[in-house]
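Analysis of the macromolecular model
Okay, here's what each chain looks like letter by letter:
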Amino acid sequence: PKGAFRAELSLRRVREVLGTALGRPAIPFCDDCIGPAAHEAVAELEPGEIILMENLRFHAGEEDNDEDFAKSLAALGDVYVNEAFSCSHRAHASIEGITHFLPSAAGRGMEAELVALHKALDAPERPVAAIVGGSKVSTKLGALTNLVTKVQYLVIGGGMANTFLAARGIGIGKSLCETELADTARAVEAAAARAGCKIVLPDDAVVAKALAAGVATSTVAISAVPADAMILDVGPDSISRLNEILSHCRTVVWNGPMGAFETPPFDQGTFAVAREVAKLTREGNVLSVAGGGDTMAALAQAGVDTDFSYVSAAGGAFLEWLEGKELPGVVALERAAAR
């Protein structure tokens with residue numbers, strides 16, 4: 001909403017669903033989150049009751065992390081609990097600013113997320129494998145640069161792998177590729193070599209002339225991609241090699257699919273590897289942490305989203321964690337705990 005009221009972005013529509021989820025269908029709604037109306041609505045609450053307040057972002061002070069707005073929010077309560085890891089990469093008033101004016105703590109979900117992430121990269125059992133997929137290297141360059149210093153195996157899949165393959169001089173046909181990032185890809189590989197991290201790219205691929213359901217496909221060695229075809233998934237040799245690597249690992253971090261999983265049959269590589277990680281997790285052989293919207297969707301479609309040690313709903317926050325960045329919301333809670 002960018003600091004202005006927009007009816008279509010009101011949280012009023014969330015009220016009924018929230019009430020159903022909490023077993024309280026009569027949750028009251030307040031048309032603002034600060035000011036006289038908000039104070040009056042809060043004052044009318046009985047012990048144990050819940051109120052849903054209007055969208056914070058109807059006020060410009062939220063995204064600006066305005067001190068006065070944060071104070072106005074804090075005036076409504078006695079304690080602040082952050083249960084939104086997915087928003088904690090933003091230094092907003094309801095995430096960072098409010099912690100300066102109220103006793104502050106992490107909620108149980110936030111706590112579980114931070115514990116899982118700490119175990120996965122900050123203090124992991126080794127060897128550690130990171131699986132990073134998706135379409136573009138440019139969106140995950142920070143994560144790749146950080147991960148090569150943290151993990152023993154960096155598995156690159158999806159369209160991102162094409163850029164690395166092309167940088168090695170391997171023909172990729174008409175596949176999606178950021179050719180302008182060839183030097184960057186080589187720099188990541190050089191950094192990995194210095195850190196003792198092995199970059200894992202596909203050995204074979206499922207290719208087709210179009211990204212469409214039911215299209216004719218073929219499986220070829222990665223060095224034999226036809227000039228008129230696109231790489232749309234990893235092949236069986238790649239899956240076997242990756243599963244063998246994973247069998248020796250104790251920790252797996254995953255962000256991004258191995259192929260164009262939204263369009264069958266290019267979902268098989270992602271699903272096969274996901275099921276292998278899930279099996280290793282169930283057997284107690286690995287700690288597995290996955291995050292990001294596409295990754296959540298892929299694991300759900302593979303039927304293994306409940307078998308991973310932890311699956312994060314966070315997108316931007318999870319990616320910034322992979323990049324090794326400090327998250328303002330988390331730093332604020334640490335500061336509050338130290339007071």
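Scroll up to find the structure.
Not measured: the values here are computed from a predicted model.

**A look at empty space enclosed by the protein**
Overall, the coordinates contain one cavity of 30 Å³ or more when judged by the stated rule. The space that makes up the largest cavity amounts to roughly 80 Å³. Taken together, 13 residues make up the lining of the largest cavity; nearest its centre are L201, P202, S238, L242 and M258. Of all the secondary-structure elements, those providing two or more residues to the lining of the largest cavity are strand 6 (153-156) and helix 9 (236-246). In terms of residue count, the dominant contributor to the lining of the largest cavity is helix 9 (four residues).

**Structural notes on the side chain of T270**
Tracing the backbone through its elements, the reader meets T270 in helix 10 (residues 268-282). Sequence-distant contacts of T270, that is, excluding residues within four places in its chain, are made with D233, W254, P257, M258, G259, F261 and A298.

**Regarding the nonpolar core**
With 67 residues, the main nonpolar core has L144, L147, L154, I156 and L322 as its most contacted residues. Leaving out residues up to four positions away in the same chain, L147 has contacts with L121, A130, V132, L154 and L322. Listed in part, the 27 residues of the second largest apolar core include A129, V200, I245 and A298.

**Details of the packing of helix 9 against helix 10**
Viewed as axis vectors pointing N to C, helix 9 and helix 10 meet at an angle of 20°, and their least axial separation amounts to 10 Å. Comparing their axes, helix 10 and helix 9 come out roughly parallel. With respect to the hand of their crossing, helix 9 and helix 10 are arranged in right-handed fashion. Note on element contacts: helix 10 touches helix 9 through Q268, G269, A272, V273, E276, V277 and L280, opposite I239, L242, N243 and L246.

**Section: the pairing of strand 8 (residues 204-208)**
By the criterion of burial, strand 8 is predominantly enclosed, with five of the five residues buried. The two faces of strand 8 match: D204, V206 and A208 on one face and A205 and V207 on the other face are all buried. Two strands pair when backbone bridges link them, and strand 8 and strand 9 (residues 217-221) are joined in this way by five bridges, in the antiparallel orientation. When the sheet's bridge partners are listed, A205 is paired in strand 9 with V220.

Definitions and limits used
Residues numbered from 1 in each chain as written. Predicted model: local features only at pLDDT ≥ 70, side-chain atom pairs only at ≥ 80, totals over all residues. Heavy atoms only, no water. 1 Å grid on protein atoms, 1.4 Å probe; cavity = no way out; pocket = protein on both sides within 12 Å on 5 of 7 lines; lining within 4 Å. Points joined across faces, edges and corners; volume = space filled by probe spheres on them. Helix = DSSP H or I, 4+ residues; strand = E, 2+ residues; numbered from the N terminus. Contact = heavy atoms within 4.5 Å. Core = buried A, V, L, I, M, F, W, Y, C linked by side-chain atoms within 4.5 Å. Buried < 20%, exposed > 50% of the residue type's maximum accessible area, 1.4 Å probe, protein only. Axes fitted to C-alpha atoms, helices over the stretch in contact; angles between N-to-C directions. Parallel < 35°, antiparallel > 145°, perpendicular 65-115°, else oblique. Left-handed = near helix turned anticlockwise from the far one by under 90°. Pairing = 2+ DSSP bridges.

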